[in-house]
Amino acid sequence: PHAARTPRAPPAALHVVVTGGSMGVGYALAAELPAAGDVVTICGRSRDALDAAVEALWATLPGGEDDDEASARVLATIADVSDPGSVDSLAEFAVRNMDRIDMGGTSSTWTTRV
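First, a word on scope: everything that follows refers to the structure included in this document. (Residues numbered from 1 in each chain as written. Predicted model: local features only at pLDDT ≥ 70, side-chain atom pairs only at ≥ 80, totals over all residues. Heavy atoms only, no water.)

The next subject is the overall build of the chain. Scanning the chain from N- to C-terminus turns up four helices and five strands. Element order for the chain, N to C, with α for helix and β for strand: β-α-β-α-α-β-α-β-β. Carbon together with sulfur atoms contributes 55% to the accessible area of the chain, which is approximately 5900 Å² in total. (Helix = DSSP H or I, 4+ residues; strand = E, 2+ residues; numbered from the N terminus. Areas by Shrake-Rupley, 256 points an atom, 1.4 Å probe, with all protein chains shown as cover.)

See below:
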């Protein structure tokens, strides 16, 4: 259900893709971004875990999921980073929804896109 949204955040917002964003360190990393005004796309292998993470992230924002701007700050898609095709699909999803990726993060390190 979350993949159907077509967000358009303010131009100053960064778009950060966080792998493993549905739990643990990845979730903690992802949780910092929407509250700071940025947009986060999280991925993981479990739809149930992703849905729970999105709901929890929305709950931290003013207006929660009922606020279009708040809900547009958190996107999620299934991806297995051990599968190159899945990583390609993740990147395509992120760019299709936000026109760009400003930064990528994993649950262990940050990388910048070149």
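We now examine the environment of Val81. Among the secondary structure elements, Val81 is positioned in the loop between β3 (74-78) and α4 (84-98). C-alpha of Val81 to C-alpha of Gly20: the two residues are 61 residues apart in sequence and 8.7 Å apart in space. Setting aside anything within four residues of it in sequence, one finds Val81 in contact with Thr19 and Val87. (Contact = heavy atoms within 4.5 Å.)

Quick look at the pairing of strand β2 (residues 39-44) now. Here β2 lies mainly inside the structure; six of its six residues are buried. Burial along β2 is two-sided: Val39, Thr41 and Cys43 facing one way and Val40, Ile42 and Gly44 facing the other are all buried. In this fold, strand β1 (residues 15-19) hands off to helix α1 (residues 24-35), which returns the chain to β2; that crossover is right-handed. By the bridge criterion, five bridges tie β2 to β3 in an arrangement that is parallel. Paired with Cys43 across the strands is Thr77, a residue of β3. (Buried < 20%, exposed > 50% of the residue type's maximum accessible area, 1.4 Å probe, protein only. Right-handed = clockwise from strand over helix to strand, strands pointing away. Pairing = 2+ DSSP bridges.)

Residues other than glycine seldom take positive phi values, yet Asp99 does so here, at roughly 70°. For Asp99, the position within the fold is in the loop between α4 and β4 (103-105). Take Asp99: its relative accessible area is 55%, and that puts it in the exposed class.

Attention now goes to the packing of α1 against helix α2 (residues 47-59). Packed helix pairs are characterised by how far apart their axes lie and by the angle those axes make with each other. At their nearest, the axes of α1 and α2 sit 10 Å apart, and the two run at 35° to each other. Crossing hand, α1 versus α2: right-handed. Within the contact between the two elements, α1 uses Tyr27, Ala30 and Ala31 and α2 uses Ala53, Ala56 and Leu57. Within the contact of α1 with α2, the residues separate by chemical class into six nonpolar, no polar and no charged. (Axes fitted to C-alpha atoms, helices over the stretch in contact; angles between N-to-C directions. Left-handed = near helix turned anticlockwise from the far one by under 90°. Nonpolar A, V, L, I, M, F, W, Y, C, P; charged D, E, K, R; others polar.)

This part takes up the pattern of salt bridges. Side chains carrying opposite charge are able to pair once their charged atoms draw close together. Under the counting rule described, the total for this entry stands at two salt bridges. A salt bridge links Asp51 to Arg47; the shortest N-O distance between them is 3.4 Å. Here Asp51 pairs with Arg47, and both are found in helix α2, just four residues apart, close to one helical turn. Look at Arg47 and you get partly exposed, because its relative accessible area is 28%. (Salt bridge = Lys/Arg side-chain N within 4 Å of Asp/Glu carboxyl O.)

Moving on: α2. Here α2 is 13 residues long and its end C-alpha atoms lie 18 Å apart, about the 18 Å a rise of 1.5 Å per residue gives. Listed as buried for α2 are Ala49, Leu50, Asp51, Ala53, Val54, Leu57 and Trp58. (Expected span 1.5 Å × (residues − 1).)

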